[in-house]
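Structural description and commentary
Now for the letters of each chain:
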Amino acid sequence: MQDKNIPYKIYLDENEAPRSWYNVRADMKNKPAPLLNPGTLKPMTAEELGAVFCGELVKQELDDTTAYFEIPEKIREFYKMYRPSPLVRAYCLEKRLDTPAKIYYKFEGNNTSGSHKLNSAIAQAYYAKEQGLKGVTTETGAGQWGTALSMACSYFDLDCRVYMVKVSYEQKPFRREVMRTYGASVTPSPSDLTEVGRKILKLHPGTTGSLGCAISEAVETATKTEGYRYVLGSVLAQVLLHQSVIGLETKTAMDKYGIKPDIIIGCAGGGSNLGGLISPFMGEKLRGEADYRIIAVEPASCPSFTRGRYKYDFCDTGMVCPLAKMYTLGSGFIPAPNHAGGLRYHGMSSILSQLYDDGYMEAISVKQTDVFKAAEQFARAEGILPAPESSHAIKAAIDEALKCKETGEEKTILFGLTGTGYFDMVAYEKFHDNLMDDYIPTDEDLKVGFDGIPDIPMNK
Ligand SMILES: *Cc1c(COP(=O)(O)O)cnc(C)c1O
């Protein structure tokens, strides 16, 4: 039944939208470990990072003490096209589950890219434009990041070159066309346009590609092309900073109605939506002002947090990127081909890795058939057709709500609904036709990835 005081959807006014992003690192006692130069094993300097990334973004990446960064006006203007995004009380789902729990979700799928990724894409494109660059390069897996970036680049009139993991390029032709509609050029990876691509093709002919490999190609192109820089849609501290807009809006909306979540849940690929959603809540937790249970949900077929190692590792397959200390399955890890639900990156945000290691958050893994069951249950109750990635969080939220049903507890559950799944209908089809199974990597499977983690002094 509807709570008289709480609407189905809580919208904020334009003037209630955040004017700054929040940098959770400022409140962390144990700061995330710095990125290392893979050659010298010394922390990456601003100058070294500046060869790959835009200057202003490098500053954000290296700053772990400034709590608030003002959101430039042009970015706030762009945000107005699709933000503030609604915080929805899942009354219909609660009713179907017959649970005393109160469930809320922050919905980030209300834009053409269909996900939260636009929040950082527009920021990164803005700084590239301000720096006078001609364009940017990037990789995309499932295609959401590439789509978001192509939208952002067309807004600021920047060239956008996307390396798309080959298997997705072939399986998701519509994603590719959306990107091209916004003016991006899209190349299947590995390609013969780059040295690293040619090398990987020679070593693994017929490979369907991986994110780590596409990253190497995009970085190489950026560093070898005048007026270009590389941008990344997740994992980095700057991306979590931009995504804090999700959590800040959520917190404002909840405070307005006196709602305090007991449990906060997000799916975790590279950690950007989860990091963004939890940032202001985690800030309170770190400062000792409030406590929340925070749960990261990952696929059982790509279990970086729950089965990974906390080590310095390569961010890409070609080993051209800096080393990051993170929970990782090894840069050579590639999820089983039947894995359909996204979240397939081998590593995890260094910020979230440190918070997890320090016990400030939990992580669980879920099987993909359970994820799609939850997705369908959610779609039928709440109307929105969720992205498979988001559905990892849905699955965990439903499970927590069902626990409340057993105990009678009226917990408040908040989860991030990161996007819509219209481009994932092949995966939904497999699920409906019972052709989807749950391949969970064995310890031997994982060993292959772990063996590729660099054997350096700080990993001892
Ligand atoms: C990219 C993506 C994710 C996972 O990325 P994070 O960086 O972990 O947030 C989750 N949901 C959707 C819809 C995505 O597009």
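Before any of the text, the structure's been laid out above.
Residues numbered from 1 in each chain as written. Predicted model: local features only at pLDDT ≥ 70, side-chain atom pairs only at ≥ 80, totals over all residues. Heavy atoms only, no water.

Topic: the overall build of the protein
- Each helix and strand counted, the protein has 18 helices and 15 strands in total.
- With respect to the principal axes defined by its C-alpha atoms, the protein has extents near 60 × 50 × 50 Å.
- By residue count, 62% of the 460 residues in the protein fall in the buried class.
- Pairs at least 24 apart in sequence give 76% of the contacts found in the protein among residues at least 6 apart.
- Of the roughly 18200 Å² of accessible surface on the protein, a fraction of 50% belongs to carbon and sulfur atoms.
- The averaged location of the 59 negative side-chain charges in the protein is 1 Å from the averaged location of its 52 positive side-chain charges. (Helix = DSSP H or I, 4+ residues; strand = E, 2+ residues; numbered from the N terminus. Buried < 20%, exposed > 50% of the residue type's maximum accessible area, 1.4 Å probe, protein only. Contact = heavy atoms within 4.5 Å. Areas by Shrake-Rupley, 256 points an atom, 1.4 Å probe, with all protein chains shown as cover. Lys, Arg positive; Asp, Glu negative; His and termini not counted. Charge placed at Lys NZ, Arg CZ, Asp CG, Glu CD.)

Quick look at the site of the ligand
- Taken together, 17 residues form the shell around the ligand, and within it Lys 117, Ser 234, Ser 272, Asn 273 and Thr 418 come nearest.
- One nitrogen or oxygen atom from the side chain of Asn 273 is found 2.7 Å from an oxygen atom belonging to the ligand.
- Protein contacts shield 94% of the accessible area of the ligand, which totals 380 Å² for the unbound molecule.
- A per-class count over the shell around the ligand returns four nonpolar, 11 polar and two charged. (Near = heavy atom within 4 Å. Polar contact = N/O pair within 3.5 Å; in protein donor to acceptor, adjacent residues only side chain to side chain. Nonpolar A, V, L, I, M, F, W, Y, C, P; charged D, E, K, R; others polar.)

Considering the sheet that holds strand S7 (residues 159-165)
- On the basis of which strands lie adjacent, the open sheet formed by four strands has the order S8-S7-S6-S9 and parallel pairing. Bordering the open sheet on either side are strand S8 (185-189) and strand S9 (228-230), each of which pairs with just one other strand. With direction set aside, neighbouring strand axes in the sheet form an average angle of 25°. (Pairing = 2+ DSSP bridges. Axes fitted to C-alpha atoms, helices over the stretch in contact; angles between N-to-C directions.)

Overview of the pattern of salt bridges
- Counted under the stated rule, the structure contains 29 salt bridges.
- The closest approach of N and O atoms between Arg 176 and Glu 177, which form a salt bridge, is 3.5 Å.
- With a closest N to O distance of 3.7 Å, Glu 409 and Lys 411 form a salt bridge.
- In this structure, a network of salt bridges that share partners links the residues Arg 83, Lys 106, Glu 108 and Glu 249. (Salt bridge = Lys/Arg side-chain N within 4 Å of Asp/Glu carboxyl O.)

Quick word on helix H2 (residues 55-62)
- Burial in H2 covers these residues: Leu 57, Val 58, Gln 60 and Glu 61. Down the axis, H2 shows its buried residues gathered within 160° of arc, on one side only.
- The inward-facing, buried residues of H2 contact strand S2 (20-22), helix H1 (46-50), strand S3 (68-70), helix H5 (118-130) and helix H11 (237-256). (Arc of directions from axis to C-beta.)

Looking at unusual backbone geometry
- Of note, the bond from Arg 83 into Pro 84 is cis; its omega dihedral lies within 30 degrees of zero at -15°.
- In this model, Ser 189 is joined to Pro 190 through a cis peptide bond whose omega is 5°.
- Along the chain, Pro 190 turns up in the loop between S8 and helix H9 (195-203).
- Phi at Asp 157 is positive, roughly 60°, even though this residue is not glycine.
- Given a relative accessible area of 63%, Asp 157 falls into the exposed group.

Nothing here speaks to function; it is all geometry.
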